[in-house]
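Single-letter residue listing:
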Amino acid sequence: MTNIQLNRAKDKMFATWGVVSTFFGIILLAVFIIFILYDGLPRLSWQFLVSLPSRKPENAGVYTAMMGTIWILGLTLLFALPLGIAAAVYLEEYIPKGKFATILEINISNLAGVPSIIYGLLGLQLFARTMKFGGNLLAGSFTLSLLILPIIIVATREAIRAVPSSIKDASFALGATKWQTIWLQVLPSAFGGIMTGLILALSRAVGEAAPLIVVGALAYVPFAPKSPMDEYSVLPIQIFNWISRPQHGFVVNAAAAIIILLVITFTMNAIAVFLRNKHQKKTN
Amino acid sequence: MKENKKDNTESEIPYLITVQNLNAFYSDFQALKNINLNIKPFTVMAFIGPSGCGKSTLIRIFNRMNDYIDGFRIEGNVIISGEDIYSKTVHTENLRKQVGMVFQKPNPFPKSIFDNVAYGLKIQGIKDKKFIEERVEKSLKQVVLWDEVKDNLKKNAYGLSGGQQQRLCIARTLAVEPSIVLMDEPTSALDPISTAKIEDLIFELKNKYTIVIVTHNMQQAARISDQTAFFYLGEMIEVGKTQQIFTNPKQKRTENYISGHFG
Ligand SMILES: Nc1ncnc2c1ncn2[C@@H]1O[C@H](COP(=O)(O)OP(=O)(O)O)[C@@H](O)[C@H]1O
Ligand SMILES: [Mg+2]
């Protein structure tokens, strides 16, 4: 074999390996989704969505857990987004360069890799006990906010850094203050990137069970939460709870709940893609 | 006083920009060495010289755009309209309303044509819609862009050609009604036709504004400027009437540069 032939062969091998790796993930996911759909779809109904938990699988519904998840997501978004953006703006635009900045930067990146159970323990001590929230939605959403803050900060910083400095120069040269430049030029230009990061962060939050169990989310709540001070459950905990029951009916319920969780996640990702594309069209 | 003014010879017209014993540093590196320079109102001053000689550094001192560079500092005085612009009492926001800047590459905001021109007014807190509309129209007419864009003011500025974008950027600068317009190689990214349009424009603008322009293009400096300053390795080698600099330079290095022996 000549050198060229050898290189071509290597090329082909690598391409094949790439295709196999790509499809491995997709096929696995597809198989999983097909099984879940097969089990859960027949169970999905309006009644399932609006029913409270029950000891009988055929009466049990996902309402309380779903509302809990929506509450948790909403509150987490409310707390984490402004904090995350503010922190990112500070780190990108204001912090004086030096040791302090470097240490802060390294630590924030590291925080993104801390296991979520650790955040749960932090939340338990800080929010549930010290601040005496107990096991309510506030404690849970504060905890999840901490969990996703590093993701939002890192994504926002990247988005801010991607804003061409020529735009900032133009704004400054017209007499804009730093704050005006950030608010009117930098953040709007970074919007697409920030949204993408935010939604990815939220899709991580929506699937978390461990830290919420630690801060006191319940497997069984009789009613959907009505205020941030209420107790709650969330979909992943509900699913976990149902799967561990012996009756087959609950396993079917779990499959149906998984479908709902997936729909929520996919919808959020779709919104992220939509927002980003819409924004890119506006800027290009 | 009035009597006096009438009799004043040209040289006694008060200078709009005065630079005294100016040194500029990027950390340890000295980019400008003992610059002394005066610029009269309603004239075009061209800065020429090989790249890296400090032209951009100097022009960006006039609106303090170098403030954002870590380690940058100056010694000496820069006086604009009788005020030392580096004194503590000067706010850069106010300075930049008076001293506008056009950059090398057209850099419109990713917004509509209208919003681009209106931006400078909006950040000043001006809300009067009619006033803003009139100023936008006036500025776009000044740069001879109005007829091309008047039906598309809501369209994104990125849809314009490079030359149109640069004229839009000039309009955006004029909308704030500065007295000085700084231009750092404003045509170096443009085609010859767009370049010619902008040169015509600069010729018009000097009736109302004082213009400082950096250019790599010797013919351009010769065509549009009244005064030319030649820089070399951070020093201002020579400054004078453009015609004199190009036909009868006093310094050997100026002559060499202009005749294309180096640079
Ligand atoms: N941000 C900076 N940091 C350090 N040195 C710089 C910076 N900007 C310019 N310089 C240096 O200062 C000198 C003058 O640069 P500049 O004013 O941009 O030259 P010109 O516009 O005449 O090409 C050059 O040697 C350049 O390398
Ligand atoms: Mg330059």
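Residues numbered from 1 in each chain as written. Chains lettered and ligands numbered in written order. Predicted model: local features only at pLDDT ≥ 70, side-chain atom pairs only at ≥ 80, totals over all residues. Heavy atoms only, no water.

### So, the environment of B:R64
Residue and element names in this part refer to chain B. Keep this limit in mind: Only runs of H or I of at least four residues qualify as helices and only runs of E of at least two qualify as strands under DSSP, and these elements are numbered from the N terminus. Should any heavy atoms of two residues lie within 4.5 Å, those residues are considered in contact. By the criterion applied in these results, polar contacts are pairs of N or O atoms within 3.5 Å in which, for protein atoms, one can donate a hydrogen and the other can accept it, and in which residues neighboring in sequence qualify only through two side-chain atoms.
Mapped onto the fold, R64 is located in the loop between α2 (55-62) and β4 (72-80). Taking the C-alpha atoms as reference, R64 lies 9.9 Å from E93; in sequence the two are 29 residues apart. The residues touching R64, leaving out its near neighbours within four places in the chain, are I85, Y86, S87, V90, T92, L95 and R96. Side-chain polar atoms of R64 contact the backbone oxygen of I85, separated by 2.9 Å.

### Digging into the nonpolar core
A general trend in soluble globular proteins is that nonpolar side chains are found buried together. Definition in use: Grouping buried Ala, Val, Leu, Ile, Met, Phe, Trp, Tyr and Cys residues that are joined through side-chain atoms within 4.5 Å yields what is termed a nonpolar core. Throughout this description, buried means an accessible area under 20% of the type-specific maximum (1.4 Å probe, protein chains only), exposed means over 50%, and partly exposed covers the range between.
A:V62, A:L212, A:Y232, A:L235 and A:W242 are the most contacted members of the largest nonpolar core, which totals 70 residues. Going through the elements one at a time, α3 (63-94), α4 (99-111), α5 (116-130), α6 (137-161), α8 (178-206), α10 (235-243) and α11 (248-283) of chain A are the ones with two or more residues in this core. Every residue in contact with A:L212, bar those within four places of it in the chain, is listed here: A:I72, A:G140, A:L144, A:A217, A:Y232, A:V234 and A:I237. The next biggest cluster of nonpolar side chains, apart from the first, holds 42 residues, and it includes B:V143, B:I198, B:I202 and B:Y257.

### Considering the interface of chain B and chain A
Heads up, the rule is: The term buried area refers to how much accessible surface (probe radius 1.4 Å) is lost by two components on association, counted for both of them together. Salt bridge, as applied in this entry: a Lys or Arg side-chain nitrogen positioned within 4 Å of an Asp or Glu carboxyl oxygen.
Counting residues at the interface gives 22 residues for chain B and 20 residues for chain A. With both chains or domains summed, chain B and chain A bury close to 1800 Å², and 61% of this area falls on carbon and sulfur atoms. Area buried by chain B at its contact with chain A is led by B:P110, B:Y119 and B:I123, which between them contribute 28% of it. The interface formed by chain B and chain A holds one salt bridge in total. A salt bridge links A:K97 to B:D70, with the nearest nitrogen and oxygen atoms 3.4 Å apart. Where chain B packs against chain A, one counts four residue pairs in polar contact (both at pLDDT 80 or more). Mapped by element, the contributors of at least two residues to the side of chain B that touches chain A are α3 (92-98), β6 (99-102), α4 (113-122) and α7 (162-174) of chain B.

### A word on the domain arrangement of chain A
All names here are of chain A. To be explicit about the condition: By convention here, the domain bounds are inherited from an automatic or database domain assignment. We call Asp, Glu, Lys and Arg charged. Ala, Val, Leu, Ile, Met, Phe, Trp, Tyr, Cys and Pro are nonpolar, and the rest, Gly among them, are polar.
According to the domain assignment, chain A contains domain 1 (9-43) and domain 2 (48-283). On a C-alpha basis, the centres of domain 1 and domain 2 stand 28 Å from each other. With eight residues of domain 1 at the contact, the number on the domain 2 side is 13 residues. Buried area between domain 1 and domain 2, both sides added, is near 780 Å², and the carbon and sulfur share of it is 77%. It is I36, D39 and R43 that lose the most area in domain 1 upon contact with domain 2, and together they represent 67% of the buried surface on that side. Joining domain 1 to domain 2, the criterion identifies zero salt bridges. Summed over the shared surface of domain 1 and domain 2, the number is four residue pairs in polar contact (both at pLDDT 80 or more). Across the side of domain 1 that touches domain 2, the residue classes tally to five nonpolar, one polar and two charged.

### Side note on the packing of α5(A) against α6(A)
Residue and element names in this part refer to chain A. Rules: Between N-to-C directions, angles span 0 to 180 degrees; the directions come from axes that are lines fitted to C-alpha atoms, helices contributing only their stretch in contact. Geometric relationships in this document are graded by angle, where less than 35 degrees denotes roughly parallel, more than 145 denotes roughly antiparallel, 65 to 115 denotes roughly perpendicular, and other angles denote oblique. Put simply, a crossing is left-handed when the front helix is turned counterclockwise from the back one by less than a right angle, and right-handed when it is turned clockwise.
Interaxial distance between α5 and α6 falls to 9 Å at its minimum, and their mutual angle equals 135 degrees. If you check the angle between α5 and α6, you find them oblique. Of the two possible hands of crossing, α5 and α6 adopt the one that is right-handed. On the side of α5, the interface is formed by S116, Y119, G120, L122, G123, F127 and A128, while α6 contributes A139, F142, T143, L146, L147 and P150. Within the contact of α5 with α6, the residues separate by chemical class into nine nonpolar, four polar and no charged.

### Brief notes about the packing of helix α5 (residues 129-142) of chain B against α7(B)
Axes are the key here: two packed helices are described by the angle between their axes and the distance separating the axes. Residue and element names in this part refer to chain B. Running from N to C, α5 and α7 point in directions that differ by 130 degrees, and their axes come no closer than 8 Å. It follows that α5 is oblique to α7 by the angle criterion. Remark: the crossing between α5 and α7 carries right-handed chirality. Residues S139, L140 and Q142 of α5 touch α7, and the partners they reach there are L168, A171 and L174. Of the residues in the contact of α5 with α7, the class split is four nonpolar, two polar and no charged.

### With respect to the site of ligand 1
All names here are of chain B. What counts, and what does not: In these notes, residues near a molecule or strand are those with any non-hydrogen atom within 4 Å of it. With residues, only the protein chains shown are counted as cover, and all accessible areas are computed by Shrake-Rupley using a 1.4 Å probe.
The full set of residues close to ligand 1 is Y26, F29, A31, S51, G52, C53, G54, K55, S56, T57 and I69. Measuring from an oxygen atom of ligand 1, one finds a backbone N or O atom of G54 at 3.1 Å. Taking K55, its main chain carries an N or O atom lying 2.9 Å from an oxygen atom of ligand 1. Considering ligand 1 on its own, with 560 Å² of exposed area, one finds that the protein chains cover 62% of that surface. Among the secondary structure elements, those contributing two or more residues to the shell around ligand 1 are β2 (29-39) and α2. Broken down by element, the shell around ligand 1 gets its largest block of residues, three residues, from α2. For the shell around ligand 1, the per-class residue count stands at five nonpolar, five polar and one charged.

### Quick look at the pattern of salt bridges
When the charged atoms of two side chains lie near each other, side chains of opposite charge can form a pair. Residue and element names in this part refer to chain B. With the rule as written, the count across this model stands at 17 salt bridges over all chains. Measuring nitrogen to oxygen at the nearest pair gives 3.5 Å for the salt bridge that ties R135 to E177. Here R135 is found in helix α5, whereas its partner E177 is found in the loop between α7 and β7 (180-184), with 42 residues between them in sequence. In this structure, the salt-bridge partner of K206 is D226, at a minimum N-O distance of 2.8 Å. Of this pair, K206 sits in the loop between α8 (192-205) and β8 (210-214) while D226 sits in the loop between α9 (218-224) and β9 (227-232), placing them 20 residues apart in sequence.

### With respect to the sheet that holds strand β1 (residues 17-26) of chain B
Residue and element names in this part refer to chain B. Condition: Strand pairing follows a simple DSSP-based rule, namely that at least 2 bridges must link the two strands.
If you trace the four strands from one edge of the open sheet to the other, you get β2-β1-β4-β5, paired in antiparallel fashion. Sheet topology places β2 and β5 (83-84) at the edges, where each strand pairs with a single neighbour. Two elements, β1 and β4, share eight bridges in a ladder whose sense is antiparallel. Bridge pairing in β4 places Q20 opposite N77.

### Section: α3(A)
Within an α-helix, residues lying three or four positions from one another point in the same direction, as the helix has 3.6 residues per turn. Quick reminder of the rule: Any helix carries an expected span of 1.5 Å times its number of residues minus one. Note on bend: the value at a residue is the angle between axes fitted to the seven residues ending there and to the seven starting there.
If you check α3(A), its first and last C-alpha atoms are 45 Å apart, about what 32 residues at 1.5 Å a residue would give, namely 46 Å. Bending of α3(A) peaks at approximately 25 degrees at the position of A:A80, with proline A:P82 no more than four residues after it.

### Some points on the environment of A:G207
All names here are of chain A. Examined against the element boundaries, G207 turns out to sit in the loop between α8 and α9 (210-214). Residue class for G207 comes out partly exposed when judged on its relative accessible area of 42%. Sequence separation of G207 and S145 is 62 residues, and the distance between their C-alpha atoms is 14 Å.

### A few points about the confidence of the model for chain B
All names here are of chain B. Our working rule: A residue's pLDDT is the predictor's confidence in that residue, given on a scale from 0 to 100.
Summing up the model confidence of chain B, the mean pLDDT is 92 and the portion of residues at 70 or higher is 94%. Low confidence marks residues 1-10, where pLDDT is under 50. Its contacts with residues over four positions away, or in another chain, come to two contacts. Reported confidence for the predicted complex is 0.92 by ipTM and 0.85 by pTM.

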